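Inside the fold
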Amino acid sequence: ADVFYSSGLVITGGIYGYDGSYFNADVIYPGRGYWVRSIEAGELTLTSNSLVKQISFTNRMDEANSISFGNENYSTSLYFGIQIPADEILSYSLPPKFSQIQFDARFTGDMKYVLEYGEIDIINTEKTTTINYDIKVDAGEYMNWVLTSDNGKDYILEDEGEIIVPTAERFTLEIKAVVPATFTLHQNFPNPFNPITSLRYDLPEQAQVTLTIYDLRGREVTQLVNTTQEAGFKAVQWDATDS
C-alpha cells in the first residue's frame, strides 16, 4: 500500500479491501480487488524491488471521539468531535455502498468522520447492533453528545461504554442541550455579596419568566427579568442597585 501512497496519486489512508465489510488495507495482495481513492488519473507499476519513500501522515482520529457499530462478525468505527484540515478530509472517506454488502456503517456522504453532527447509515443483517463509544472531547457545559435511533430513542454518550440496540437503518449523532427536569431557583452566589451576585434558575420548558427583587418589608427593589425564555439553565447578575 505504501507504494501507492508514495506515488502521490492516492489519498493517504484511501485504500480499502472487502471481506463482507470494508477495511483499510495496509498490504496489497496479488489477485485481490481493492478500492482506491485517487487524486488524479495515473498509472502505477508494482514490482518486488519498488523503492518506497516514507509518507508523513498524522492519524488525527486518535484524538477524536469514536463510536463503533458491529455484530458478531463485523465492526466499523466512526469518529467525531475534532476539527481537521480540509485537505485531509478525503483520508477519512469510505468506498461506495453496493447491494450485496453484508455490513456497513458510515456517516451520510460516505464519511467516517464528522465534526459535531452527522446521520449514520447502517447495513446489518442481524437483529441487534452492538455500539461501543469512547468520548474524549467533552460536548461542553450543559451539553451532551446524543445518538438517536430512527425510532426516536436517545442514547447519551459519556466517557466509555457499550450498548446493544435493535438494528436500525439510521442513527443521528449530534450535540444537544441538556434540558432541566424541573423548575428550580437556586441560592444566589456569592451571599453575602458586594457589589455583585449571580442568580441561577432552571427552566424545563419555554416559559414567561419574571424575576423580581424585594426587600425584607416586601417592597419591590428592581425587576431583573421579564420575558419569554427557552428551556435551559439560566443566570442573571444583580449589582444591588434599585430600579
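Everything here concerns the structure above.
Residues numbered from 1 in each chain as written. Predicted model: local features only at pLDDT ≥ 70, side-chain atom pairs only at ≥ 80, totals over all residues. Heavy atoms only, no water.

**A few points about the pattern of salt bridges**
Considering all chains together, one arrives at eight salt bridges under this definition. Among the ionic pairs, R219 bridges to D215, the shortest N-O distance being 3.0 Å. Residue class for R219 comes out partly exposed when judged on its relative accessible area of 49%. In the salt-bridge network here, residues are joined through shared partners; they are D104, R106 and D110. (Salt bridge = Lys/Arg side-chain N within 4 Å of Asp/Glu carboxyl O. Buried < 20%, exposed > 50% of the residue type's maximum accessible area, 1.4 Å probe, protein only.)

**Concerning a negative patch on the surface**
Judged by side-chain charge, D138, E158, D159 and E160 come together as a negatively charged surface patch. Take D138: it is sitting in the loop between β9 (128–134) and β10 (143–149). (Patch = residues over 30% accessible without salt bridge, like charges linked within 9 Å, V, L, I, M, F, W, Y side chains within 5 Å. Areas by Shrake-Rupley, 256 points an atom, 1.4 Å probe, with all protein chains shown as cover. Lys, Arg positive; Asp, Glu negative; His and termini not counted. Charge placed at Lys NZ, Arg CZ, Asp CG, Glu CD. Helix = DSSP H or I, 4+ residues; strand = E, 2+ residues; numbered from the N terminus.)

**Here we look at the environment of Q208**
Looking at the secondary structure, you find Q208 in strand β16 (residues 207–214). Overall, Q208 belongs to the partly exposed group, its relative accessible area being 49%. Along the sequence, Q208 and P192 sit 16 residues apart, while their C-alpha atoms lie 28 Å from each other. Apart from the residues within four sequence positions on either side, Q208 is in contact with N226, T227 and T228. Of note is the side chain of Q208, whose polar atom sits 2.9 Å from the side chain of N226. Only 3.0 Å separates the side chain of Q208 from the side chain of T228, close enough to count as a polar contact. (Contact = heavy atoms within 4.5 Å. Polar contact = N/O pair within 3.5 Å; in protein donor to acceptor, adjacent residues only side chain to side chain.)

**Quick word on the side chain of T76**
Looking at where T76 falls in the secondary structure, it is placed in strand β5 (residues 75–80). Leave out the neighbours within four places in its chain, and T76 touches S21, I67, S68, F69, F103 and A105.

**Section: the nonpolar core**
Of all hydrophobic cores here, the largest spans 31 residues; its most connected members are I67, F69, I120, L147, L157 and F171. Here this core gets three residues from one element, more than from any other, and that element is strand β6 (residues 103–107). Once residues lying within four places of it in the same chain are set aside, the contact partners of I120 are F69, L78, R106, F107, L147, E169, R170, F171 and L173. L199, Y201, L211 and V225 belong to the second largest nonpolar core, which has 10 residues in total. (Core = buried A, V, L, I, M, F, W, Y, C linked by side-chain atoms within 4.5 Å.)

**Describing the sheet that holds strand β8 (residues 118–124)**
Within the open sheet, the five strands sit side by side as β6-β8-β13-β10-β11. Their pairing is antiparallel. The sheet terminates laterally at β6 and β11 (154–157), the two strands that pair on one side only. In this sheet, adjacent strand axes meet at a mean angle of 25° when their direction is disregarded. With seven bridges connecting them, β10 and strand β13 (residues 170–177) associate as antiparallel partners. By the bridge assignment for β13, N144 is matched with K176. (Pairing = 2+ DSSP bridges. Axes fitted to C-alpha atoms, helices over the stretch in contact; angles between N-to-C directions.)

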